[in-house]
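Spelled out from the first residue to the last, the chains are:
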There are 4 protein chains.
Amino acid sequence: MTMKFGVIGTGALGVDHMRRIQQTLNGGEVVAVTDINPEAAKQAVANWGLDAQVFPDDRTLLAEGNVDAIVITSWGPAHKASVLAGIEAGKYVFCEKPLATTAEDCLSIVEAEMKHGKRLVQVGFMRRYDSGYIKLKEAIENKWIGEPLMIRAAHRNPEVGDSYLTNMAITDTLIHEIDVLHWLVNDDYKAVQVVYPKKTKYASGHLQDPQIITLKTASGIIITAEVFVNCQYGYDIQCEVIGEEGIVALPEVQSVTFRKDAKLGVNLLMDWKQRFIEAYDVELQDFIDSIQKTGEPGGPTSWDGYIAAVTADACVKAQASGEWEPVTLKEKPEFYRTNR
Amino acid sequence: MTMKFGVIGTGALGVDHMRRIQQTLNGGEVVAVTDINPEAAKQAVANWGLDAQVFPDDRTLLAEGNVDAIVITSWGPAHKASVLAGIEAGKYVFCEKPLATTAEDCLSIVEAEMKHGKRLVQVGFMRRYDSGYIKLKEAIENKWIGEPLMIRAAHRNPEVGDSYLTNMAITDTLIHEIDVLHWLVNDDYKAVQVVYPKKTKYASGHLQDPQIITLKTASGIIITAEVFVNCQYGYDIQCEVIGEEGIVALPEVQSVTFRKDAKLGVNLLMDWKQRFIEAYDVELQDFIDSIQKTGEPGGPTSWDGYIAAVTADACVKAQASGEWEPVTLKEKPEFYRTNR
Amino acid sequence: MTMKFGVIGTGALGVDHMRRIQQTLNGGEVVAVTDINPEAAKQAVANWGLDAQVFPDDRTLLAEGNVDAIVITSWGPAHKASVLAGIEAGKYVFCEKPLATTAEDCLSIVEAEMKHGKRLVQVGFMRRYDSGYIKLKEAIENKWIGEPLMIRAAHRNPEVGDSYLTNMAITDTLIHEIDVLHWLVNDDYKAVQVVYPKKTKYASGHLQDPQIITLKTASGIIITAEVFVNCQYGYDIQCEVIGEEGIVALPEVQSVTFRKDAKLGVNLLMDWKQRFIEAYDVELQDFIDSIQKTGEPGGPTSWDGYIAAVTADACVKAQASGEWEPVTLKEKPEFYRTNR
Amino acid sequence: MTMKFGVIGTGALGVDHMRRIQQTLNGGEVVAVTDINPEAAKQAVANWGLDAQVFPDDRTLLAEGNVDAIVITSWGPAHKASVLAGIEAGKYVFCEKPLATTAEDCLSIVEAEMKHGKRLVQVGFMRRYDSGYIKLKEAIENKWIGEPLMIRAAHRNPEVGDSYLTNMAITDTLIHEIDVLHWLVNDDYKAVQVVYPKKTKYASGHLQDPQIITLKTASGIIITAEVFVNCQYGYDIQCEVIGEEGIVALPEVQSVTFRKDAKLGVNLLMDWKQRFIEAYDVELQDFIDSIQKTGEPGGPTSWDGYIAAVTADACVKAQASGEWEPVTLKEKPEFYRTNR
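Predicted model, so just to flag it, every value in this text is computed and none were measured.

## Observations concerning the sheet that holds strand E6 (residues 121-123) of chain B
All names here are of chain B.
Thinking step 1. On the basis of which strands lie adjacent, the open sheet formed by six strands has the order E3-E2-E1-E4-E5-E6 and parallel pairing. Two strands bound the open sheet, and with one partner strand each, they are strand E3 (53-55) and E6. Between one strand axis and the next, the sheet turns by 25° as a mean value, whatever way the strands run.
Thinking step 2. Here four bridges tie strand E4 (residues 69-72) to strand E5 (residues 92-95), and the two strands are oriented parallel to one another.

What follows is the structure, encoded as structure tokens:
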């Protein structure tokens, strides 16, 4: 039974998901499309030879598109309205991050979903589907290193454009660590601090780069996360979990080992798009499979979207204050407690 | 347009391919099944809830099954007849190794296929679809290490059962290196030698283990390949290509890096089935995609099956003689010359 | 011209230095010895077959021992008096850490040395002589990674005894990082913070373990240093310097690479005494050689001892306050400015 | 009690040993020197400010030099005469490789030494003193990998000059593997084979490079040793021992780990002189220490020099024949059987 998808937003990421559903995954097809620019939507349908209808907007697509699920790849500020419309229509929703641009808006989605009575929404935090993070989580859950006590993470990009601002280190970059790390250790954040090291000469005048963000969890784990978006040398995601009896670290990206030019090593990526390319496939396939098996999506929930929003807010506040800032979450509803 | 598959042989590997086609891959479905044991075939269809017909034998399946392609996963001695029947019926054929049990039989398949006028057959040498070997081939073809001069390979299993015989080190084990290494450097074998090191105490009385096989290619590359099937420590496939300007080696299997128990390292596999699990998916997906795009399968050809058979024969002869034995291949027909 | 040494304190470390001077190094001999326990001193002389005189105390040794230099390996509270007596006598002084137990006492040594007019004192911070740290410093000074912006350090012991207290994480353990890291980047500390992660179950009731100490330098480098003295898995010293254009990390301890028991890796040390065993030799040889070449010792100075004391004080204060605590150093006298 | 050395041959290596004895090691001094070019000998003495007498030749040095031991660093063809003269004079002899240029000459040294009745001679195979090989030998002798079955070795130089000939791959390059590998597994060679892979374009017209030498030991271990002296990428010595229960490999040369320019790795050496620089120190210090403790040198013996000569002869013969060539050693005299 093939799941019929409507895609809302046919920019680069939207088109990528269309290709994914149509060509790579099993059990889905794109039957409806909309974009704020209707020509772009038509073009996308034509380019991929889809048998899909183009709608003027999300509400019409939901009303008339005969879809089982929507994929939201519009720009962030438009997410909330589309997600709520999807829930209202009783459709499954795969929403790229952010779920909404404020914690309050995330909460309104959470409430709408709970009112609907079934989980419909999955947020596009793809790292949980990366084979490396999965292996890391398995090692932790198998008690291979005892209780986790500390995490050292780094998120490094070779460079960013001038439009990248200091707070985007949190909202665009660290946001992935925020989601994946609390999932990794099955814990909640309690407080955050941001420290600014010496600034690299490669950062724009207005940008503080690198930054070190420290997060404390409810159980006391201390996470030291570095964001460094002009590191020059590569796109590099590191995560090391230090437990009572040992340490496990995220595997390096697969590469041939070379001996060449007086060096022994492996190649690193320069392009972030390659890093989680398989995770995107696995993520959306799991969305389809989990719904078909259990009636609910199995990935990051609206509540996870809310956690990310609240934690990011606290981090941005901590950037300005230089102080420890609390992360104040509402109590997790029973509705979101079952783990996959 | 979905490709309709008939599966010939519903043992472990056959059932695995049925699951793969039905659940994991895109663009295929299993519509017909046969096995020497009809109950096994029925059981397989029932277990997987397939909408597939069970036939008494391969010829009937081909005649009445309305299939586009067959997958041959019967035991080796039955392959030749099924492949020839498939070609005769003008169906695509995906045949697990060996293509046939003798070089002569492989050649008769080659001739049948050429007579048919189009490539129909792909042999299940899945390593060419392993992401590590693909990266290795890319590095070589990008001239990253200059001309390849030598290869050091190892094929190690933790242990084998008593029924594993000395010649199986060639026909069951080295056979994968035989296929993948000539593909890797785009060359042909010219001569082989086998040397027996001191025997491990973990080998059965009748089994020579380990063995070192040296292969010379037409262009002069020397390949030193170790087969060691009771190595105890893991399932470990190694391949290092030494070129004029550097060396590249197959990546290790992905694993978390650990620091534990006075050791820093990564985990190795013990179970061979995990090693190429993704390559099996990619292999069969490529079979489907390539046929749909070009009308011919894009993987290892009948000719590659013939090369493997001739080379394995020479290696088995060299086991007995202790001498260099020539690998005498017929001239490669134009029909098989186009590379994908 | 052989340098004549007097050894003050014949405990384990003192005896080790006696052996070192007598057997391993070039250009030194032990001619005088004293210990608070005279029998221990006699025993040490006898055990090593030394032609050395035993004196009742440090002052007598200095007055009558005909020594060129003293090695101070008594317990910490006795260091100050011996160092000052050595300076007063115009002898070279090799003093194990700490130089003195308070910043004020260190300062009084600094003043005495400056008054004497020539550098006489070297503090036993042996890490500066470790081949790994030296390679790291070379890489930094060659501008191989651009300006250093951040350092990630870890100091891990498998376990400590019950007598190890929370502040000893600073004064006994981190003290080595305090010395070596400012030397590594040629910078001074400005402020420190201590954060306590979840406590390991392997720590004594009174001990906070692990701890994370953050140090800011004058130029803005942020150092995140973990102290974890019950980490179970090994004695592990890590140091990674993150610069504007790349990263360099301390080499792992030399070990064979193994493939065994489903693991690929290297062995780590369990015993800290093995880690810097060569550095101790190089350190004391450099003390001898540098004095013979330049008339002054070339290693860590009294001023470095003072820096360590002030910084450790700030860290201990930060343990209690949970706040950033300033590191307030006097201006570095011209006398200590010349680098080796 | 300082050992008095006479140095025979004051070329680069001789001068290096003079510096080593005088400055780095403990318990030796250079008191006598000779060279075929007397001016070079005088210059060397003057340059190092030695209190050493220059003699016209080795015999005069031995007769009048009042030395305890000689170091022979003249050119190879002169070694035999100096070694025999040293034995005749009852002096200890440290002789750089080769002990003599033919197996027969080595045997005459062996006989002279046995006649003298005490081991006097050590051959300068310094790899046995490399900390990496020592760790490898420890792992093997601790039965950490069970019985050794195979060894994979490689000896690679970035490039060689035009005067390097095909047989020098054996006599100058492989000679080090010949010595260190039989020591590593405590075994003797029985037969050798040489195979020529495709030649690198970086080799001179007259030079076959690379070469693969296979050596069989008495117990059946197969050693595959690659010599590749124009490998371009670095000076790289590899050795991997494959045992019944696991594998151990020689550690890589210590280097910082870097992340830079899209690569993660370590630096390799380009200059062979750096590779075993510490082993030279340890080797000659052990010569001194062992003689002072036991009355005999503890390193590679005359018999080891003979083994190297016989094995190298067989390899050179195998280069020409392309066949397995036997390595025929006389029975090892009791005199040389005690292991250190």
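That was the structure; now back to the text.
## Quick look at the interface of chain C and chain B
The figure often quoted for interface size is the accessible area lost as the parts come together.
Thinking step 1. With 17 residues of chain C in contact, the opposing surface of chain B contributes 17 residues.
Thinking step 2. Here chain C meets chain B over a buried area of about 1400 Å², counting both sides, of which 56% is carbon and sulfur.
Thinking step 3. Taken as a group, C:Arg259, C:Ala262 and C:Leu264 account for 43% of the area that chain C buries against chain B, more than any other trio of residues on that side.
Thinking step 4. In this assembly, chain C and chain B are joined by four salt bridges.

## Details of the relation of the copies chain C and chain B
Thinking step 1. By a simple turn and slide, chain C fits onto chain B: the slide is 0.0 Å along the axis, the RMSD is 0.0 Å, and the turn is 180°. Both copies of the chain, as the preceding transformation shows, are related through a two-fold rotation axis. When C-alpha distances to the rotation axis are compared across chain C, the minimum falls at C:Gly265, with a value of 1.9 Å.
Thinking step 2. Mapped onto chain B, 100% of the interface residues of chain C are again interface residues, and the two copies thus contact each other with one and the same surface.

## Notes on the interface of chain C and chain A
Thinking step 1. Between chain C and chain A, the residue contacts involve 42 residues of the former and 42 residues of the latter.
Thinking step 2. Taken as a group, C:Arg152, C:Lys198 and C:Glu244 account for 24% of the area that chain C buries against chain A, more than any other trio of residues on that side.
Thinking step 3. Run the count over chain C and chain A and you get four salt bridges.
Thinking step 4. One salt bridge connects C:Lys198 with A:Glu147, and the closest N-O pair in it is separated by 3.2 Å.
Thinking step 5. Where chain C meets chain A, there are 12 residue pairs in polar contact (both at pLDDT 80 or more).
Thinking step 6. Those elements that provide at least two residues to the side of chain C that touches chain A are strand E7 (148-156), strand E8 (189-195), strand E9 (211-217), strand E10 (222-228) and strand E11 (236-243) of chain C.
Thinking step 7. When residues in the side of chain C that touches chain A are grouped by element, the largest group, seven residues, is from E7(C).

## Some details on the domain arrangement of chain A
Residue and element names in this part refer to chain A.
Thinking step 1. Domain boundaries assigned for chain A yield domain 1 (3-127 + 277-301) and domain 2 (130-270 + 306-336).
Thinking step 2. The interface is formed by 18 residues belonging to domain 1 together with 21 residues belonging to domain 2.
Thinking step 3. Of all residues in domain 1, the largest losses of buried area upon contact with domain 2 belong to Lys-97, Phe-125 and Arg-127, amounting jointly to 45% of the total for that side.
Thinking step 4. The interface formed by domain 1 and domain 2 includes one salt bridge.

Reading the values: the criteria
Residues numbered from 1 in each chain as written. Chains lettered and ligands numbered in written order. Predicted model: local features only at pLDDT ≥ 70, side-chain atom pairs only at ≥ 80, totals over all residues. Heavy atoms only, no water. Pairing = 2+ DSSP bridges. Helix = DSSP H or I, 4+ residues; strand = E, 2+ residues; numbered from the N terminus. Axes fitted to C-alpha atoms, helices over the stretch in contact; angles between N-to-C directions. Contact = heavy atoms within 4.5 Å. Buried area = accessible area lost by both parts, 1.4 Å probe. Salt bridge = Lys/Arg side-chain N within 4 Å of Asp/Glu carboxyl O. Least-squares fit on C-alpha atoms with pLDDT ≥ 70 in both. Polar contact = N/O pair within 3.5 Å; in protein donor to acceptor, adjacent residues only side chain to side chain. Domains from an automatic or database assignment.

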